[in-house]
Every structure is written in structure tokens, then in C-alpha cells.
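Report on the structure
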Amino acid sequence: MFSGKRAEFEALVHSYSAELYRYAYYLSRDRLTAEDLVQETFARAWSGWMRLRDVKAAKKWLYTILRRENARLYERKRLDIVDDQDLDALETVSTADFADLEVRQALEALPPCYREPLLLQVVGGFTCDEIAKIMNLTPGATMTRLSRARLALRKASGGKEASA
Amino acid sequence: MSCLDCRRQLLISPRDLSRDQRAHIASCSGCARLAATLLDVDRHIADAALVPVPDGLAHRVLLARPRRFGWRHAGIAALALAVLGAIVMLSGLLDPPMFPTPVQAVGPNHPAVEAISLVVDDRAELKESGNASKMKDSLHALGLELKQGGGVHAYYGGKCHLRAGDCDLIVLDTPDARASVVLVPDSPVAERVLVTDRHKVALVTPAKAGSYVVVADSPKVARRMQRLFRRG
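Residues numbered from 1 in each chain as written. Chains lettered and ligands numbered in written order. Predicted model: local features only at pLDDT ≥ 70, side-chain atom pairs only at ≥ 80, totals over all residues. Heavy atoms only, no water.

Our next topic: the overall build of chain B. Within chain B, the regular secondary structure consists of nine helices and nine strands. Counting all 232 residues of chain B, 43% fall into the buried class. Look at the contacts in chain B between residues 6 or more apart in sequence, and 53% of them connect residues 24 or more apart. Of the roughly 12800 Å² of accessible surface on chain B, a fraction of 58% belongs to carbon and sulfur atoms. (Helix = DSSP H or I, 4+ residues; strand = E, 2+ residues; numbered from the N terminus. Buried < 20%, exposed > 50% of the residue type's maximum accessible area, 1.4 Å probe, protein only. Contact = heavy atoms within 4.5 Å. Areas by Shrake-Rupley, 256 points an atom, 1.4 Å probe, with all protein chains shown as cover.)

What follows is the structure, encoded as C-alpha cells:
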């Protein structure tokens, strides 16, 4: 039984270590810290692995552990203010505007409270409800953050355009 | 569905469109443009998120997994040991560790040094040797009793003399060790002292009246023999 659980865990590590590393990198914006976070996440996951009832929920569980570890070990106070959304401004930006956008920089410049749900959705493939559970938010707050994250990216793009 | 509702939904999740949204987008060029733009943004985000992953990350994770004994665990273990040690010590099962003091530190006139000389040089008088009632009286005079049983054989070795005055010698025999005990009625001590000299150790222990010195080959035997006495 133990060897079966261990094999499952090893498969989990191989499946999710890269994905978690990328998520950790965007949380910490530092490669060494990201790797430490992944290591710590799996170490904690292993200590609770025998108690995990539903292996299908493992992915969400891993992301939750990683977020918690980041908050516990590395997170510092950040400024999390962005303007309210302006739906009318959306129509003025085209697909081509984003083609040259350095999305990575824009993503890194996003406040963590908006970057995280967006990454969980786009990279992790989680639904709004799942993101809400991972981040300990209400579904409404999660939707708001997702909207504002996309708006902030659009605004960053618009600003670059204007200054160019 | 209105354009506002559609755009709100698109901003939340441009990939998961409801039937109403799809119908609206099919008929509204503005919302269709926004949907395409946001999908493109998501694609760029997904691409941007593909930062290079260090080689062998999964392997390192699996190698590191067994070492889950962090500072927190070490702290808990140390605390548990300290609590256990305190409980054992309080219950009298284990004495705090003692380290032998060399004779130079206590001086040649210390009762422990004298008792070692007495035993090594075999200076005890054999008068009344083997007198059990005399041994009991001598122990009683110091407020001591000798525990019975445990394969311990005790016999009175006779009178002897130290600088502190007249003393009594008791010899304790167990199946695996032997020790001599000098009862010193006129020499009270404040605390236990373990002294080593001439390849012997002497453990001086305070009694109700005076003190007693256990002379043995090792600190372990001395401690074990000393525990055979209790206050009467």
C-alpha cells in the first residue's frame, strides 16, 4: 500500500513540478525562491499524502500549499492598488496591440492579488470556484480580481502605446 | 444579453462562454472583437508563463523528500526530551549527571579522598566486623536505611577513623559489583560530590546527620550503590 502511494506521489511530482515552478516564479519573481517553494510544497504534500482522500484534488491542494508556503516564507507587503475597470475603454484596443506587448513584464508588474488568480486560471486551468477556494476568497471577489487583472494588463498595454 | 454583461463575463473568463454569450458575440462585432482580443491576451499570458524550468527539478524534489526533519521538528523533539527528562528526574528515576572532581580540586583532607585511602589501604579496624545490629545502629545514627532485596548483600566492616572523627565501614556486595561505604556522622556536607583518586571514585552524599561516602571502581557503580540508601 505504501509503495503504491509513493508511486502515485512520484507521478504527481513529475506531472506538476514544472507547472508549480512557473506559478511559484510569478509569485516570488525569483528562480531560486521558486525552486525552494516547489521543494517545500512537495515536502509538505508528502507529509500529508497518506491522509489525502481524493487524489483528483491533488493539483488544487498543491497550489494551495504553495500559496501558503509563499505567504509564510517569502511574501512581503506590496502595493495592491489599481483603478476600477473602465469597460468603455476596451473597444479602443485591438488584438494587434498585444502582439508586441511584453506580457511577461506586464504580468510581473501586476499586483499579486490580481496576478495570482489570473495565473491560476490561465496557467493552472482552474475555474473561478476553484480559484476562490485556493485563494480563500468568495467567488464574487475572485471574478472581480480576474476582471481587474485583465483590465490592468490592457491599461499597461495602452500606456506603452501612448508613450511610444 | 447586453454588451455590458457580455464584456463583464468575458473579462472574468473569455474561454468559458455561456450559450447566451456565444449568441450575443455572434451578433455583436464589438463584443466579438473583445472576445478575440482577450483570448489572445490569455494565449500571450500562457506563453509568457512558460518560464524555463530548471533541469532535474522533479528529481531533486524526490531526492529531498525524505529529509523532512526541519528545525520545527527538531525543536519539538528537543522540547519533548526536555519534558521527559524533567519528569524522570522529578520522579527520582534519574539523577542529574555528575562529573568526577579530581583530588586536586577538593584537597587531600576531603572525606572522599580520605575514604578512598581508607579502602585502598585497607585501614578499617575489624573490631565488631559482621555485626548486623551495629551496622543498623550506625545507619540509624545518620538517619539512613538500607533497601532490602535486589541481590544486595551488606555487612558491617568495622570501625574506622577519618579526620572528621570515628566512622563506620559497610561493604556492599551485588552479583556484579562491590563497594565500600564509609558512614561519617560528624561531617555534614551541603551537596553530593564525586571525587576520583587512585583509580577509585568516592561519592559523598549528605545524610540527616553527617554524610556517607560510597567508594567504588566507577561512578556508575557508586551511583547505583548510593541509591540503595534511603532516608529513614
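On to a nonpolar patch on the surface. On the surface, a nonpolar cluster with roughly 290 Å² of combined accessible area is contributed by Leu79, Val83 and Ile87 of chain B. Judged by relative accessible area, Leu79 of chain B falls into the exposed class, the value being 57%. (Patch = residues over 30% accessible without salt bridge, like charges linked within 9 Å, V, L, I, M, F, W, Y side chains within 5 Å. Salt bridge = Lys/Arg side-chain N within 4 Å of Asp/Glu carboxyl O.)

We now examine unusual backbone geometry. Residue and element names in this part refer to chain B. Here Arg198, not a glycine, exhibits a phi torsion of approximately 50°, which is positive. Relative to the helices and strands, Arg198 is located in the loop between strand E6 (193-197) and strand E7 (200-206). Positioned with a positive phi, His199 is a non-glycine residue whose angle comes to about 65°. Looking at where His199 falls in the secondary structure, it is placed in the loop between E6 and E7.

So, about the pattern of salt bridges. In total, this model carries 16 salt bridges over all chains according to the counting rule given. Glu35 of chain A serves as the salt-bridge partner of Arg60 of chain B, at 2.6 Å between the closest nitrogen and oxygen. Of the two residues, Arg60 of chain B is situated in helix H4 (residues 57-64) and Glu35 of chain A in helix H2 (residues 31-48); the pairing between them involves two chains. Given the relative accessible area of 31%, Arg60 of chain B is considered partly exposed. Residue class for Glu35 of chain A comes out buried when judged on its relative accessible area of 15%.

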